[in-house]
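Here's the letter readout for the chains.
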Amino acid sequence: MVMKPNTSPMDVQVNLRFNFEDDWNTDKIGNNCEVFGRIGFRGYTVDDLVDKGEGALTIGGKHISKNFQLDLSDPEYLSLEKYEESPEIKIYNGDVLLVKTAPVGKVCYIENLNEKATINPQLVVLKNIKLNNKFFYYYLTSNLFQKDLHRIKSTTGIPTITQKELLNLNIIYPSLEEQEKIVNLLSTVDKKIESIDLNLKNTNYFKKGLLQQMFV
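To start, this report covers the structure provided alongside it.

Rules and cut-offs
Residues numbered from 1 in each chain as written. Predicted model: local features only at pLDDT ≥ 70, side-chain atom pairs only at ≥ 80, totals over all residues. Heavy atoms only, no water. Pairing = 2+ DSSP bridges. Helix = DSSP H or I, 4+ residues; strand = E, 2+ residues; numbered from the N terminus. Core = buried A, V, L, I, M, F, W, Y, C linked by side-chain atoms within 4.5 Å. Buried < 20%, exposed > 50% of the residue type's maximum accessible area, 1.4 Å probe, protein only. Contact = heavy atoms within 4.5 Å. Axes fitted to C-alpha atoms, helices over the stretch in contact; angles between N-to-C directions. Salt bridge = Lys/Arg side-chain N within 4 Å of Asp/Glu carboxyl O. Patch = residues over 30% accessible without salt bridge, like charges linked within 9 Å, V, L, I, M, F, W, Y side chains within 5 Å. Areas by Shrake-Rupley, 256 points an atom, 1.4 Å probe, with all protein chains shown as cover. 1 Å grid on protein atoms, 1.4 Å probe; cavity = no way out; pocket = protein on both sides within 12 Å on 5 of 7 lines; lining within 4 Å. Points joined across faces, edges and corners; volume = space filled by probe spheres on them. Nonpolar A, V, L, I, M, F, W, Y, C, P; charged D, E, K, R; others polar. Polar contact = N/O pair within 3.5 Å; in protein donor to acceptor, adjacent residues only side chain to side chain. Disulfide = S-S within 2.5 Å.

Sheet strands associate in pairs through backbone hydrogen bonding, adopting either a parallel or an antiparallel arrangement. Pairing in this open sheet of four strands is mixed, and the strands run E3-E5-E4-E8 from one edge to the other. Each edge of the open sheet carries a strand with a single partner, namely strand E3 (49–50) and strand E8 (117–119). Of the pairings in the sheet, the one linking E3 to strand E5 (residues 77–79) comprises two bridges and is antiparallel in character. Counterpart to Leu 49 in the pairing with E5 is Leu 78.

Judged by nonpolar contacts, the single largest core of 28 residues is most densely connected at Val 96, Leu 98, Leu 126, Phe 136, Leu 140, Phe 145 and Leu 166. Those elements that place two or more of their residues in this core are strand E6 (96–99), strand E7 (107–109), strand E9 (123–127), helix H2 (133–141), helix H3 (143–152), strand E10 (170–173) and helix H5 (176–214). Beyond its immediate stretch of four places on either side in the chain, Leu 126 contacts Cys 33, Glu 34, Val 35, Asp 95, Val 96, Leu 98, Phe 136 and Leu 140.

Spatially, four strands are ordered E2-E9-E6-E7 in an open sheet, and the strand pairing comes out antiparallel. The open sheet has two edge strands with one neighbour each: strand E2 (34–37) and E7. Put simply, the sheet's adjacent strands are angled 25° from each other on average, direction ignored. With four bridges connecting them, E6 and E9 associate as antiparallel partners.

A word on the side chain of Lys 134. By the secondary structure assignment, Lys 134 is in helix H2. In contact with Lys 134, other than residues within four places in its own chain, are Tyr 109, Glu 111, Val 183 and Ser 187.

With that settled, the discussion passes to the pattern of salt bridges. Per the counting criterion, the structure on display carries eight salt bridges. Taking the shortest distance from any N to any O, the salt bridge between Lys 62 and Asp 74 comes out at 3.0 Å. Here Lys 62, found in the loop between strand E4 (55–59) and E5, pairs with Asp 74, found in the loop between E4 and E5; they are twelve residues apart in sequence, far enough to count as distant. Residue classification places Asp 74 among the partly exposed positions, given a relative accessible area of 46%. In this structure, Lys 134 engages Glu 111 in a salt bridge whose closest nitrogen and oxygen atoms are separated by 3.3 Å.

Together, Phe 206, Leu 210, Leu 211, Met 214 and Phe 215 line one region of the surface with nonpolar side chains, adding up to about 560 Å² of accessible area. Within the fold, Phe 206 resides in helix H5. Residue Phe 206 is classed as exposed on the basis of its relative accessible area, which comes to 56%.

This part is about the pairing of E2. Burial along E2 is one-sided: Val 35 and Gly 37 are buried, and none of Glu 34 and Phe 36, which face the opposite way, are. The pairing of E2 with E9 spans four bridges and is classified as antiparallel. Within the sheet, the bridge partner assigned to Glu 34 lies in E9 and is Lys 127.

Let us look at the layout of surface pockets. Size it by volume and the second largest pocket reaches roughly 280 Å³. Around the second largest pocket, the lining residues are Gln 69, Leu 70, Asp 71, Leu 72, Tyr 109, Ile 110, Glu 111, Asn 112, Leu 113, Asn 114 and Glu 194. Across the lining of the second largest pocket, the residue classes break down as five nonpolar, three polar and three charged.

On to H2. Since the α-helix turns once every 3.6 residues, residues separated by three or four places project in the same direction. In terms of burial, H2 is a largely internal element, eight of the nine residues being buried. Among all positions of H2, only Lys 134, Phe 135, Phe 136, Tyr 137, Tyr 138, Tyr 139, Leu 140 and Thr 141 are buried. Contact partners of the buried residues in H2: E6, E7, E9, H3, E10 and H5. Between the side-chain oxygen at the start of H2 and the backbone nitrogen of Lys 134 there is a gap of 3.0 Å, and the oxygen is on Asn 132.

Counting across every chain of the model gives zero disulfides. Just so you know, Cys 33 is unpaired, no disulfide at all, and the nearest cysteine sulfur is the one on Cys 108, 14 Å from it.

Have a look at this one:
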């Protein structure tokens, strides 16, 4: 992809194909992964929460940011007994998490996780993904999928989506080689965003320091 000088990313056509010409496939989510949630009788209460170092991370909707990133600035930990009770929802690098109960649709891709982790009842974990895992994640963050998801979510009581409904939603995808090209491009953009966010935070810290020195 070549961008002309002063070209905004918003001006780039969204149907970039990296010189690939094969048609994209359409299939059900359920034919391309397995979805696991915390079964009701294996739920937990605040009494099952423990201090850091005494259990496993339990990830909920508040731990996924609006830009679909894992945010562990306010972690919660579940007892190891409850963690071991549900091995199918243990979280590993390469898994994809999705919030199925308000706020429905937040997604994150798990990478660089170096401690035991599981999900709370608000989430489902998508495993055994047949596509490129990160391409799968990027698709779930797309407007196309998010519109489909919000179209079928329950609007009575607390907005939610069932695992069956999720499995029946469609996904479109190209060849594995093109998936990898797409992932490389979007990962590069993500790294640029992270760099900009870090610079912005550091600049804000610098400003606060100046204000404290000026108004003492």
